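Close look at the chain arrangement
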Amino acid sequence: MTDATITEPHEQGPILEERHPTYEEVWATPKGWRKLSSVSHRVVGKRFIVTGLIFFLIAGFLALLVRTQLIVPNNTFLDAETYNQVFTMHGTLMMFLFAIPILEGFAVYLLPLMLGARDMVFPRLGAFGYWCYLFGGIIVLSSFLFDAAPDGGWFMYTPLSTREYTEGLSADFWLIGVTFAEIASVTAAVEIIATILCTRAPGMSLTKMPIFGWYMLVTAFMIAIGFPPLIIGSLLLEAERVIGLPFFDPAMGGDPLLWQHLFWLFGHPEVYIIFLPAAGMVATMLPTFVRQPLFSYGFVVAAVVTMGFISFGLWAHHMFSTGLPTISLSLFSAASTVVTIPTGVQIFALIGTLALGRAQLKVPMLFILGFLFIFVMGGLTGVMLAAVPFNWQAHDSYFVVAHLHYVLIGGMVFPLIGAFYYWTPHFTGRMMSERLGKWAFWLMFSGFHITFFLMHITGLRGMPRRIATYPEGLGWDRLNMLSTLGSYIFAAGILIFMLDFIRHRWTGTPAGRDPWGAGTLEWLYPAVAPGHNFHAIPRVTSREPLWDDPRLLEAEAHEIDGSLRGAPRGRRETIGCHPVTGEPHQIIRLPHPTFIPLWAGVGVAVAAVALLAGAYLVAAAAAVATLVIFCIWAWEPSFTGETHNSGPDGVLPVNAVSRVSHTHVAIVGTLLIIGSLFASLCFAVLYLWNVWPSFTTTAGLADPIFAAAAAVLGLGLAVLCELGKARTNVLADMLCVLISLGAGAALLWSMQATDPLASALGATLTVTVVFVAIHCGILALWSAIMGARKLAGQVSAEQTLPELNRATYAKVTGAMLVIMALLLCAPQLGVLS
Amino acid sequence: MIDEESTLGQFGSQSALDAAGLGAELTLTLTTALHVAGALIFLSVMGALAWAWFRTTGARTWWIWAGGVAIPAGALVILVVGSTLTLAAIRAGGENATIIDVRGYQFWWDVTYDPTGDPVRDGNEIFLPLGEPVTFRLTSEDVIHSFWIPSISGKMDMIPGRVNELTVTANELGRFRGQCAEFCGLSHPLMAFEVVVVTPEEFRAFVADLRNEARDPDTIALRQGRDVFMNAGCAACHAIRGEAEGGVLGPDLSRVGARASLGAGMWPMNVGNLAGWIADVQDMKPGANMPSYNHLTGPELRAVAHYLDSLK
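Residues numbered from 1 in each chain as written. Chains lettered and ligands numbered in written order. Predicted model: local features only at pLDDT ≥ 70, side-chain atom pairs only at ≥ 80, totals over all residues.

Structural notes on the overall build of chain B
Just so we agree on the cut-off: Secondary structure counts use DSSP, requiring at least four H or I residues in a row for a helix and at least two E residues in a row for a strand, with both numbered from the N terminus. Radius of gyration here is computed from C-alpha atoms only, and the compact-globule reference equals 2.2 Å multiplied by the residue count raised to the power 0.38. To sort residues by exposure, count the other C-beta atoms lying within 10 Å of each residue's C-beta; 20 or more gives buried, 12 or fewer gives exposed, and values between give partly exposed, all with C-beta atoms placed from the backbone. Residue pairs are scored as contacts if the distance between their C-beta atoms, which are placed from the backbone, is within 7 Å.
Scanning chain B for helices and strands turns up six helices and 12 strands. Here the C-alpha radius of gyration of chain B, 25 Å, is well above what a compact globule of 312 residues would show, namely 20 Å. Taken along the three principal axes of its C-alpha coordinates, chain B extends 90 × 40 × 35 Å. The proportion of buried residues among the 312 residues of chain B is 47%. Once local pairs closer than 6 in sequence are excluded, the contacts in chain B between residues at least 24 apart make up 66%.

So this is what it looks like as structure tokens:
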């Protein structure tokens, strides 16, 4: 490190006269109640983790209620209604409000530190996601206060969940609350994709990325594609409940199985979305305790990517007993077994790593061994369930309850508790207790097996799931009693972990720098977390920089040489890299603390609550208010055009106009989500067409002229935006507004003869058209904002990043318009008749 | 001729491990093979883990090819072939099967014998001929249910708007218990049924006998019971052949007294339980579509319960 890098403010252009705040001041977290405005990934990550932990404890308490009810036959501890609410909320909280958010919390906290970034690339989006998660979770949970807790199971099968069979608000609490909370997942997905691809330390090519980055990258893509089917399903179901659109009603040409397809199109990837981050944490922690790099990194990466793809082809194995044709059964059965191979590769890579050296049996390692033991067993019963005849016996019996808890507790909770022991020193600067950790592990491990191993037998002896009570003497009595006692032992283990987690804050041993001797970059700074990441971002030349570059641990952390030292411009900045090579190509300006995400979250929350309360005017007003907040959010000055000296990596542009810039990558990620939402709707249309072949009569009601006009306008829009992406032009913006509105209006107009209430297909087509029209509206609003900014004189000629992003967005919108027009015109063309 | 003791409290009457039908037997063989293979694989992986734990001299890439790719792939091929052959064997031979329609309702089962010829209804108890294939045509009139007799065969969902077929062959005489396996609402745990496997001759005699009109009440007390049944409006939902035709919303009661259990496989059938059921159905089975007839007087309840118990 040279003195020059410290003293010289690397500025080009006029040197500003006023004193800039120091690096520590720029990155300081606001104090007191203003901390709510913090958008730092450390704060947001910890919010996710702590909130997720609270939901975990609540959901775990509900599980104990379930087990207590089942301890003896014909028990009356809970009545059937309460029991149904309790098991529904147990599943819902665990899956939606604990597992995914807490793993996202770890990812948001750890990724920038591991990758060499100063923050997530869209901190406000992350903060907004957290508020959505918190408010959505509170809405779901508050249903208990109104005695309207959802009681239809976490899978909410229709028609049981329709208005006819579930009156009142219970299902609405679930649909609205969970969908709201899911906003956090999809925003996190976009953020994680862009952060991993665009903000890695100089030199960190994809092949030098810590393995956790790969796991999270695949997970984020899976969330982007996997969550939309459920979001669409929930919206359709809520629309059926409130407006009466008959998507799932067989009397109107709908099909209850459509819900199951949409649900499991989400639900199966969901399992891997929960497993992969946890496995990524294992693959990060285990090498630390062996003091050797992960064995066969390339194999593991290939396995994780493969798993991501395969996971989308397995959903129907949750539906083997719904009467699928034999050919589908065989295909899905074979496909389901194939996932064993990437899983096996990962397991053997971990086993291989253990053979590289002498492993230390610290508490995190103990939990990793527990993970391997339990998860391998759960995986094997999973393969058994892929065998159709066996599935017909085991499905919806306690065998499946056993299997899924082996996979989820083994595959996620054990690694998670291990991760708490491993990374807590980073959160708080203090170590958790080895002694209490061992107690927690052995109680959890033994309690787990007593509870769930026996359930395999209970299930094969014929006990179905989700029954509030059972008659005595059928062979289930003793097994259930033991399972319940085991669950108390498991809970005692969790309790000890929680006590340790709270205790360590005050009496834990202070952790030094890199207390486990790990090799990844998050341990660069001493354990008492300073609240900011890198005074200068070091060049990374290997996957375990702290092992391979001893200089990093020799010097004081803040003196280490690197790019972008300090905050010479008084702004939060980080290095933007090329997605593949990791070479720096821009400086990314990051936002400072702001209340905007909180206000946006509150706006959506008010809209959701008003929707539940039936106050549709309030809901509409809140939606408009939220839109205004988003517009204010978007109305920020652009920094494109500035260039600064980053130090070792030379002069770099700020927020470069490039296809590989973080905003464009994020647009692509967002379009992936939009594409998946649209594909889910098209799936619904085609599915209903298949079960109800009078498709042409319903679709044929659409006006082909207007539909074709919408397609032509859509194509024109795409061409206009593509041609105009290199220039800032107010007229082009205005033209975009007009064409977008015209395309949306033409598409809506083409549907005026279709009665959405008359048939499931009509309803689904209408919703799909409205969905596409909404995207035309978004494009119009976006163009209007762009034009207004230019009129306000805020945009200089080289600031064409919005144009670039809009061009990509317009292409997808145009494609959706064309596909929609084809669907609507096809009956006229005689193609589908 | 038929053991009238219900399956309630009978260990193993609802167990996939006590197979008494073709599907369950074949599946049990598959289950055993899967568990033995699974246990061996589990022990091998844990063995490899323990060995690697103590080894410090490095790993080899072929471990991953072997343990992660080759061995799983080989095992999967065997599994897929075995499971497909089992599936084919279970599905074979349903061409000349006897057809029985079963409709799921919250929370009971409507059974129709001979639906393609001269249909005749019964409920919550299903007779099967020993050794002969029977095809169930399964559907639901409200929410999704799942039809599962673990001892005889795997399960099949009952979905409104669809008809799923499930062919089974019972290979053991006796009584078995089935239960709804898809969560269907408040009293989902109280939706079970009895399965009675009899000889083919007895089966045909049973169906023929089912067509006969219910026995006329032959004592004053029973006639009073019938009058209570008629006056209280029970016939709006419940049919009794020869007495009250047309009610389809509740189980057919023409031979209710002959069933071994009451309330869809949940309580032993006797006069006391019948009276309690009629007076307190919402207490015994919350969410059922039948209201509690707690306005009936004690003597009325006794009479109607006796009358129903006499319908055999």
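Concerning the overall build of chain A
Counting its secondary structure elements, chain A contains 26 helices and four strands. In terms of its C-alpha atoms, chain A occupies a principal-axis envelope of roughly 80 × 75 × 45 Å. Split into buried and exposed, the 833 residues of chain A put 61% on the buried side. Sequence separation of 24 or more characterises 83% of the internal contacts of chain A that already satisfy a separation of 6 or more.

Concerning helix α14 (residues 398-428) of chain A
Condition: A residue's bend is simply the angle between two axes: one fitted to the seven residues ending at it, one to the seven starting at it.
Remark: the principal bend of α14 of chain A, roughly 45 degrees, maps to Y422 of chain A, with a proline, P425 of chain A, within the next four residues. Most of α14 of chain A is tucked away, with 29 of its 31 residues classed as buried.

Description of the pairing of strand β2 (residues 108-113) of chain B
Residue and element names in this part refer to chain B. Defined as follows: Here a strand pair is declared whenever DSSP counts at least two bridges between the two strands.
Counted residue by residue, β2 has five buried out of six residues, so it is predominantly covered. If you look at the hairpin formed by strand β1 (residues 98-105) and β2, you'll find two residues sitting between the two strands. Of the strand pairs in this sheet, β2 and strand β3 (residues 120-123) are connected by four bridges, and their pairing is antiparallel. Along β3, the bridge assignment pairs V111 with D122. Joining the antiparallel neighbours β2 and β3 is a turn of six residues, in which D114 adopts a positive phi near 50 degrees.

Observations concerning the packing of helix α21 (residues 662-691) of chain A against helix α25 (residues 760-791) of chain A
Residue and element names in this part refer to chain A. Cut-off, in case you're wondering: Helix axes are fitted to C-alpha atoms over the stretch in contact, other axes to C-alpha atoms as well, and angles between N-to-C directions run from 0 to 180 degrees. An angle counts as roughly parallel when it lies under 35 degrees, as roughly antiparallel when it exceeds 145, as roughly perpendicular when it falls between 65 and 115, and as oblique in every other case. Two helices cross in a left-handed way if the nearer one is turned anticlockwise from the farther one by less than a right angle. They cross in a right-handed way if the turn is clockwise. As a working rule, the residues Ala, Val, Leu, Ile, Met, Phe, Trp, Tyr, Cys and Pro are called nonpolar, Asp, Glu, Lys and Arg charged, and the rest polar, with Gly in that last group.
Packing of α21 against α25 leaves a shortest axis separation of 9 Å and a crossing angle of 160 degrees. For the element pair α21 / α25, the angle class is roughly antiparallel. Judged by the sense of rotation from one axis to the other, the crossing of α21 with α25 is left-handed. When α21 is examined against α25, the residues I674, L677, F678, L681, C682, A684, V685, L688 and W689 are found in contact with a partner set consisting of A760, L761, T764, L765, V767, T768, F771 and H775. Considered class by class, the residues forming the contact of α21 with α25 number 14 nonpolar, three polar and no charged.

Some thoughts on the interface of chain A and chain B
On the chain B side, the residues contacting the 69 residues of chain A number 69 residues. Counting only elements with at least two residues in the side of chain A that touches chain B, the list comes to α4 (80-115), α8 (256-290), α10 (326-338), α11 (340-354), α12 (363-386) and α13 (388-394) of chain A. Of the residues assigned to the side of chain A that touches chain B, the class counts are 41 nonpolar, 21 polar and seven charged.

What to know about the sheet that holds strand β6 (residues 145-148) of chain B
Residues and elements named next belong to chain B. Spatial strand order, β4-β10-β9-β6-β7: five strands in an open sheet with mixed pairing. The open sheet has two free edges, formed respectively by β4 (125-129) and β7 (156-158), since each of these has just one partner strand. Ignoring which end each strand starts from, the neighbouring axes of this sheet average 30 degrees apart. As defined by bridge partners, strand β9 (residues 174-180) adjoins strand β10 (residues 192-198) across six bridges and the pair is classed as antiparallel.

Observations regarding the packing of helix α7 (residues 211-242) of chain A against α21 of chain A
Residue and element names in this part refer to chain A. Where α7 meets α21, the axes come as close as 8 Å, and the angle between the chain directions of the two elements is 40 degrees. When the interaxial angle is binned, α7 and α21 end up oblique. Pair α7 / α21 crosses with right-handed handedness. Side by side, α7 and α21 meet where A224, I225, P228, P229, I231 and I232 of the first sit next to G669, L672, I673, S676, L677, S680 and L681 of the second. Among the residues making up the contact of α7 with α21, the classes are represented as 10 nonpolar, three polar and no charged.

Focus on the sheet that holds β2 of chain B
Residues and elements named next belong to chain B. As summarised here, the arrangement of the five strands in space is β3-β2-β1-β5-β8, forming an open sheet in which the pairing is mixed. Only two strands of the sheet have a single neighbouring strand rather than two, namely β3 and β8 (164-169). Put simply, the sheet's adjacent strands are angled 25 degrees from each other on average, direction ignored. Here strand β5 (residues 133-140) pairs with β8 via six bridges, running antiparallel.

Remarks on the environment of S646 of chain A
Residues and elements named next belong to chain A. Among the structural elements, S646 can be located in the loop between β3 (643-645) and β4 (651-653). Along the primary structure S646 and R565 are separated by 81 residues, whereas in three dimensions their C-alpha atoms are 7.4 Å apart. Filtering out sequence-adjacent residues up to four positions away, S646 remains in contact with S563, L564, I575, P584, I587 and L652.

Some details on the confidence of the model for chain A
Quick reminder of the rule: Known as pLDDT, the predictor's confidence for each residue is given on a scale from 0 to 100.
Summary statistics for chain A give a mean pLDDT of 93 and a share of 96% for residues scoring 70 or more. Put simply, helix α1 (residues 3-7) of chain A is where chain A has its lowest mean pLDDT, 40, and helix α15 (residues 434-460) of chain A is where it has its highest, 98.

As for α4 of chain A
An α-helical turn contains 3.6 residues, so a residue and the one three or four places further along point in the same direction. All names here are of chain A. The condition is simple: An expected span of 1.5 Å times one less than the residue number is assigned to each helix.
Its 36 residues place the ends of α4 50 Å apart at the C-alpha level, agreeing with the 52 Å of an ideal helix rising 1.5 Å per residue. M94 marks the point of greatest bend in α4, at about 35 degrees. Burial within α4 is extensive, with 32 of its 36 residues counted as buried.

Thoughts on the pairing of β1 of chain B
Residues and elements named next belong to chain B. Across seven bridges, β1 lies against β5 in parallel orientation. What sits directly across from R103, in β5, is T139. Sheet topology places β1 next to β2; six bridges connect them, and they run antiparallel. Looking at the pairing, D101 lines up with T112 of β2.

Comments concerning unusual backbone geometry
With an omega dihedral of 0 degrees, the bond running from T158 of chain A to P159 of chain A counts as a cis peptide bond. Its location among the elements puts P159 of chain A in the loop between α5 (123-142) and α6 (170-198). Here the bond from Q106 of chain B into F107 of chain B is cis, since omega is 0 degrees, no more than 30 degrees from zero. Looking at the element boundaries, F107 of chain B is found in the loop between β1 and β2. Non-glycine residue D396 of chain A carries a positive phi angle of around 55 degrees.

A closer look at the environment of K208 of chain A
Residues and elements named next belong to chain A. Its location among the elements puts K208 in the loop between α6 and α7. For K208 and G570, which are 362 residues apart along the polypeptide, the C-alpha to C-alpha distance reads 31 Å. Apart from residues lying up to four places away in sequence, K208 is in contact with V540, S542, R543 and G582.

A closer look at the environment of Y488 of chain A
Within the fold, Y488 of chain A resides in helix α16 (residues 477-507). In sequence terms Y488 of chain A and R67 of chain A are 421 residues apart; their C-alpha atoms lie 8.8 Å from each other.

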